[in-house]
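# Coordinates in review
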Amino acid sequence: MVKEGSRIGEIFQLGQPIGTGGSAVVYAATDLRSGKQVAIKIDQGKDPSTRDRLRHEAFILNQIRHQNVVALIDWKDLPNQAVYLVMERLEGCTINQIIPQNIGLPFRSVWPILQQILDGISAVHAKNIVHLDLKPSNIFLAVLEEHHTQVKILDFSIAKMVGEKMDGHPVGTPGFVSPEHILGNCAADPRADIYALGALLAFFLTGQRPYHGQKPEQILAKQLAEAPETLDVSYLGQSKDLQGIVLKAMHRDPEERYKNVAAFKAALNSIRWSSG
Ligand SMILES: Nc1ncnc2c1ncn2[C@@H]1O[C@H](COP(=O)(O)OP(=O)(O)O)[C@@H](O)[C@H]1O
Ligand SMILES: [Mg+2]
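First, a word on what this report is: a plain description of the structure on this page. Every value quoted in this text rests on a predicted model; they were computed, and no experiment measured them.

## Thoughts on the nonpolar core
Counting 71 residues, the largest nonpolar core has Ile40, Leu197, Leu205 and Ala249 as the members making the most contacts within it. For this core, the leading source of residues is helix α4 (residues 191-206), giving 12 residues. If you count residues domain by domain, this core takes at least three from each of domain 1 (7-88) and domain 2 (92-269). Beyond its immediate stretch of four places on either side in the chain, leucine 197 contacts Ile121, Leu134, Ala249 and Phe264.

## Focus: the pairing of strand β9 (residues 139-143)
Where strand β7 (residues 92-94) lies against β9, three bridges are found, and the strand directions are antiparallel. Counterpart to cysteine 93 in the pairing with β9 is leucine 141. One ladder, built from five bridges, connects β9 with strand β10 (residues 149-153); its direction is antiparallel. Note on β10: the bridge partner recorded for leucine 141 is valine 151. Turn length for the β9-β10 hairpin, with the two strands adjacent in sequence and antiparallel, is five residues, and the turn residue glutamate 146 shows positive phi of about 55°.

## Focus on the site of ligand 1
Taken together, 20 residues are adjacent to ligand 1, and Gly19, Gly21, Ala39, Leu90 and Asp155 come closest. Listing elements by their share of the shell around ligand 1, those giving two or more residues are β2 (12-20), β3 (24-31), β4 (37-43) and β6 (83-88). Across the shell around ligand 1, the residue classes break down as eight nonpolar, eight polar and four charged. Two domains each donate at least three residues to the shell around ligand 1, and these are domain 1 (7-88) and domain 2 (92-269).

Rules behind the numbers
- Residues numbered from 1 in each chain as written.
- Chains lettered and ligands numbered in written order.
- Predicted model: local features only at pLDDT ≥ 70, side-chain atom pairs only at ≥ 80, totals over all residues.
- Core = buried A, V, L, I, M, F, W, Y, C linked by C-beta atoms within 7 Å.
- Buried ≥ 20, exposed ≤ 12 C-beta atoms within 10 Å, placed from the backbone.
- Helix = DSSP H or I, 4+ residues; strand = E, 2+ residues; numbered from the N terminus.
- Domains from an automatic or database assignment.
- Contact = placed C-beta atoms within 7 Å.
- Pairing = 2+ DSSP bridges.
- Near = placed C-beta within 6 Å.
- Nonpolar A, V, L, I, M, F, W, Y, C, P; charged D, E, K, R; others polar.

Shown next, in the form of structure tokens:
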């Protein structure tokens, strides 16, 4: 079991845990050779499927180099011990922490952030990779020198190569996972990320997830049957253009969505001076 204070591979000294999601834990860590601060995502040695996911995440992340995607520095697969990913250490917070709950932000404030997300996802798609888990807690707003901020897309643990068959498990995140992935039995397609980008846009402008429900199954069932519920909320409710863009991005039929990130961006670009 890995814990705070442990040394990993005699090279990294683990500090405090800075994030947990599924079953891996992300720790602050120091590279003892250089003193450099890094982040290490490591499995806790309990579940072989977590290791497989981390190996897969390393394989995927290793292919992408872009300023809006977290950088993988190294990764190791220690026999009978652990799999870990060494990443650039980000200071800042995930995007859910800066969007006022139930209120959201006006489009003019959201647009600079959204453009960086779209740039990052374009680079991901250019490598034939589909993220499949875009949601507020997987988008980091990193604070760089002189208070400059930069979006970094995190968490490629369920990403797939385009065309790779879905095994139906894990399903992604209710409210953001595409309807075709809820149903399973489909091949990975970038338009699943377009759906999630529509849901993210709705979240930014309303401070709410696009579908409500007490239980995950209720949200998933609504996604299959109904249009998003938050269209009339706050800043999204003020613009029919923005509503139309969210509805198209989140269309239940992938054929009816924007066909790629560039088309989604072009639609948003055309309204940015007229609303919000
Ligand atoms: N490179 C990093 N630097 C700083 N914090 C990070 C980094 N990577 C992840 N985190 C934090 O850890 C959390 C979980 O990481 P994530 O990769 O999303 O793991 P999971 O697959 O467990 O959801 C993130 O939401 C974020 O707060
Ligand atoms: Mg995550």
